[in-house]
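The lines below spell out each chain.
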Amino acid sequence: MTTLTLANARLVTLTGEGYGMIDKGWLRIENGRIAALGQGDAEGEDMGGRLVTPAPIDCHTHLVFGGDRAREFEMRLQGASYEEIARAGGGILSTVTATRAASEDDLVASALPRLDALLAEGAATVEVKSGYGLTVAHELKMLRAARRLAAERPVRIVTSWLAAHAVPPEYKDRADAYLDEVAIPGLRQAHAEGLVDAVDGFCEGIAFSVTQMARLFDVAAELGLPAKLHAEQLSHLGGSRLVAERGGLSADHVEYADEADAAALAQAGSVATLLPGAFYTLRETQAPPIAAFRKAGTVMALATDCNPGTSPLTSLLLTMNMGATFFRLTPGECLRGVTANAARALGLADCGRLEPGLRADLAVWNVAHPAELTYRIGFNPLHRRYFEGKPC
């Protein structure tokens with residue numbers, strides 16, 4: 001049995017209300033799990049009074065993709081419209097072209113630096129979506145690349161099938177045919193190969209309707225896969241309500257959600273995942289209905305939404321600061337948003353808190369109070385990361 005005790009620590013358990021702080025705490029690890037924790041003197045590795053939290057979780061990323069969209073970013077700053085950029089070969093389809101051209105090895109190699117940036121801030125679990133291949137073969141290639149990341153680094157990778165991300169040019173004005181010929185059969189194959197943990201989609205006027213998403217969710221349910229959805233980002237189509245009706249894991253973005261959506265998500269136990277990086281990059285003005293979520297008791301998570309076009313963000317610490325600054329979340333809500341609530345958004349019950357029996361995925365910080373993790377900008381106070389009880 002491998003045993004390790006962390007002593008003289010300030011534990012942020014995130015159990016119960018608030019931070020669940022234990023000053024002068026200790027935490028014992030056995031075989032990669034938290035065996036026990038408590039308060040008082042203990043023999044073990046001295047943490048020097050440092051803060052120990054659950055390791056952060058990034059519950060919404062598009063980490064695997066080909067190419068970049070830096071030139072498109074420059075064009076927007078020079079006044080180009082979305083249509084002008086698209087006509088010049090930009091937008092999501094430029095990423096589709098680059099992703100299709102990339103080999104699986106290429107995708108792994110390009111994703112690793114982005115993953116390393118997340119790990120450098122303590123992350124231990126990262127969700128990765130497909131969605132830039134838009135053919136069965138290329139979507140599967142993306143998921144295989146995502147799975148390989150866990151063999152390259154000490155990290156837990158959770159994958160989502162996002163073939164219903166956009167309608168490719170070859171299916172222009174034929175979204176239902178695309179679902180029938182690519183998104184649905186590809187999902188069945190991804191499931192058969194053990195490549196997918198959840199099903200996602202983009203429910204917007206520029207992508208797929210609620211009715212079309214319901215068709216995809218029917219297949220997900222048949223396969224025993226949980227559902228999540230990009231919903232209410234640019235308009236209010238009812239995607240959040242669909243997630244709630246199906247008992248889905250999360251509705252993500254949700255800037256245009258309303259009080260009824262908040263109540264439905266809360267009642268269903270579905271998470272509202274907030275993505276301030278996209279809000280920032282797109283210079284949006286419609287913020288998610290935080291007051292409605294609080295009133296309804298809707299669980300709120302935070303994530304980077306790391307992607308090449310609308311959120312080229314690889315920092316959960318900055319995401320927390322953005323969540324507080326743009327959406328007026330409290331530091332406590334931000335920390336829960338990237339730990340306990342992020343775990344719920346992925347359907348994971350074995351991480352995100354400091355509690356006996358859970359995974360010993362931990363972050364040790366050179367800070368005196370957990371609010372400092374949200375307060376600072378561009379500063380990484382990570383002292384050490386533990387993955388399955390091992391320092392790394």
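None of these values were measured; they are calculated from a predicted model.

Rules used in this analysis
- Residues numbered from 1 in each chain as written.
- Predicted model: local features only at pLDDT ≥ 70, side-chain atom pairs only at ≥ 80, totals over all residues.
- Heavy atoms only, no water.
- Helix = DSSP H or I, 4+ residues; strand = E, 2+ residues; numbered from the N terminus.
- Buried < 20%, exposed > 50% of the residue type's maximum accessible area, 1.4 Å probe, protein only.
- Contact = heavy atoms within 4.5 Å.
- Areas by Shrake-Rupley, 256 points an atom, 1.4 Å probe, with all protein chains shown as cover.
- UniProt positions renumbered as here; feature names shortened; annotations may be inferred.
- Salt bridge = Lys/Arg side-chain N within 4 Å of Asp/Glu carboxyl O.
- Axes fitted to C-alpha atoms, helices over the stretch in contact; angles between N-to-C directions.
- Parallel < 35°, antiparallel > 145°, perpendicular 65-115°, else oblique.
- Left-handed = near helix turned anticlockwise from the far one by under 90°.
- Nonpolar A, V, L, I, M, F, W, Y, C, P; charged D, E, K, R; others polar.
- Pairing = 2+ DSSP bridges.
- Domains from an automatic or database assignment.
- Buried area = accessible area lost by both parts, 1.4 Å probe.
- Core = buried A, V, L, I, M, F, W, Y, C linked by side-chain atoms within 4.5 Å.

1. Some details on the overall build of the protein chain
- Looking only at helices and strands, the protein chain has 15 helices and 16 strands in total.
- With 392 residues in all, the protein chain has 57% of them scored as buried.
- Contacts in the protein chain between residues far apart in sequence, at least 24 positions, make up 71% of those at least 6 positions apart.
- Accessible area for the protein chain stands at about 15,200 Å²; split by element, carbon and sulfur atoms hold 51% of it.

2. Description of the UniProt feature "binding site: Fe(3+)" (unreviewed entry) in the protein chain
- According to UniProt, the "binding site: Fe(3+)" (unreviewed entry) feature falls on His 60, His 62, His 230 and Asp 305. What stands out for the annotated residues spanning 246 residues is how close their C-alpha atoms remain, the widest pair being 12.3 Å apart.
- Structurally, the position occupied by His 62 is in the loop between strand E6 (57-58) and helix H1 (70-77).
- Accessibility expressed as a relative area gives 3% for His 62, which makes it buried.

3. Considering the pattern of salt bridges
- Evaluation of the coordinates by the stated rule reveals 26 salt bridges.
- One salt bridge connects Arg 384 with Glu 45, and the closest N-O pair in it is separated by 2.3 Å. Here the residue Arg 384 occupies a position in strand E15 (residues 382-387), and Glu 45 occupies one in strand E4 (residues 45-46), the gap between them amounting to 339 residues.
- On the accessibility criterion, Glu 45 (28% relative accessible area) is partly exposed.
- Note that Arg 76 and Glu 72 form a salt bridge whose closest N and O atoms lie 3.4 Å from each other.

4. What to know about the packing of helix H4 (residues 104-119) against helix H5 (residues 136-152)
- Between H4 and H5, the least distance of the axes is 9 Å, while the angle of their chain directions is 50°. Compared by their axis directions, H4 and H5 come out oblique. In the packing of H4 onto H5, the handedness of the crossing is right-handed. Residues Glu 104, Asp 105, Leu 107, Val 108, Ala 111, Leu 112 and Leu 115 of H4 lie in contact with H5, whose contacting residues are Lys 141, Met 142, Arg 144, Ala 145, Arg 148, Leu 149 and Glu 152.

5. Considerations on the packing of H5 against helix H6 (residues 175-192)
- In contact at an axis separation of 9 Å, H5 and H6 are set at 40° when each is read in the N-to-C sense. Here H6 runs oblique to H5, going by the angle between their axes. The handedness of the crossing between H5 and H6 is right-handed. Here H5 contributes Val 136, Leu 140 and Leu 143 to the contact with H6, which in turn contributes Glu 181, Val 182, Gly 186, Gln 189 and Ala 190.
- For the contact of H5 with H6, the residue count by class is five nonpolar, two polar and one charged.

6. Considering the pairing of strand E1 (residues 3-12)
- Two strands pair when backbone bridges link them, and E1 and strand E2 (residues 21-30) are joined in this way by seven bridges, in the antiparallel orientation. Across the sheet, the residue bridging to Leu 6 is Leu 27, located in E2.
- Where E1 meets E4, two bridges bridge the pair, whose relative direction is parallel. Among the inter-strand pairings, Leu 6 is bridged to a residue of E4, identified as Glu 45.
- Relative to strand E5 (residues 51-54), E1 is paired through two bridges, and the arrangement is parallel. Note on E5: the bridge partner recorded for Leu 11 is Val 52.

7. So, the domain arrangement of the protein chain
- Once the domains are mapped, the protein chain shows domain 1 (3-54 + 353-391) and domain 2 (57-346).
- Relative to domain 2, the C-alpha centre of domain 1 lies at a distance of 29 Å.
- Across the contact, 25 residues belong to domain 1 and 22 residues belong to domain 2.
- Summed over both sides, the interface of domain 1 with domain 2 buries roughly 1,800 Å², with 62% coming from carbon and sulfur.

8. Here's the deal with the nonpolar core
- Counting 93 residues, the largest nonpolar core has Val 64, Leu 149, Leu 187, Leu 274 and Phe 293 as its most contacted members.
- Broken down by element, this core gets its largest block of residues, nine residues, from H6.
- The residues that make up this core include at least three from each of domain 1 (3-54 + 353-391) and domain 2 (57-346).
- Once you skip the residues sitting within four places of it in the chain, Leu 187 turns out to touch Trp 161, Val 182, Val 196, Val 199, Leu 216, Val 219, Ala 220, Leu 223 and Leu 225.

9. Focus: the UniProt feature "binding site: 4-imidazolone-5-propanoate" (unreviewed entry) in the protein chain
- Under the UniProt annotation, the feature "binding site: 4-imidazolone-5-propanoate" (unreviewed entry) is placed at Arg 69, Tyr 132, His 165, Gln 233 and Thr 310.
- Looking at the secondary structure, you find Arg 69 in the loop between E6 and H1.
- The exposure class assigned to Arg 69 is buried, which follows from its relative accessible area of 11%.
- In this structure Arg 69 touches Gly 91, Ile 92, Ser 94, Thr 95, Pro 308 and Gly 309, once residues within four positions along its chain are discounted.
- With respect to the helices and strands, Tyr 132 occurs in the loop between strand E7 (125-129) and H5.
- In contact with Tyr 132, not counting residues within four places along its chain, are His 62, Val 64, Phe 65, Ile 92, Thr 95, Val 96, Thr 99, Glu 139, Met 142, His 165, Asn 307 and Pro 308.

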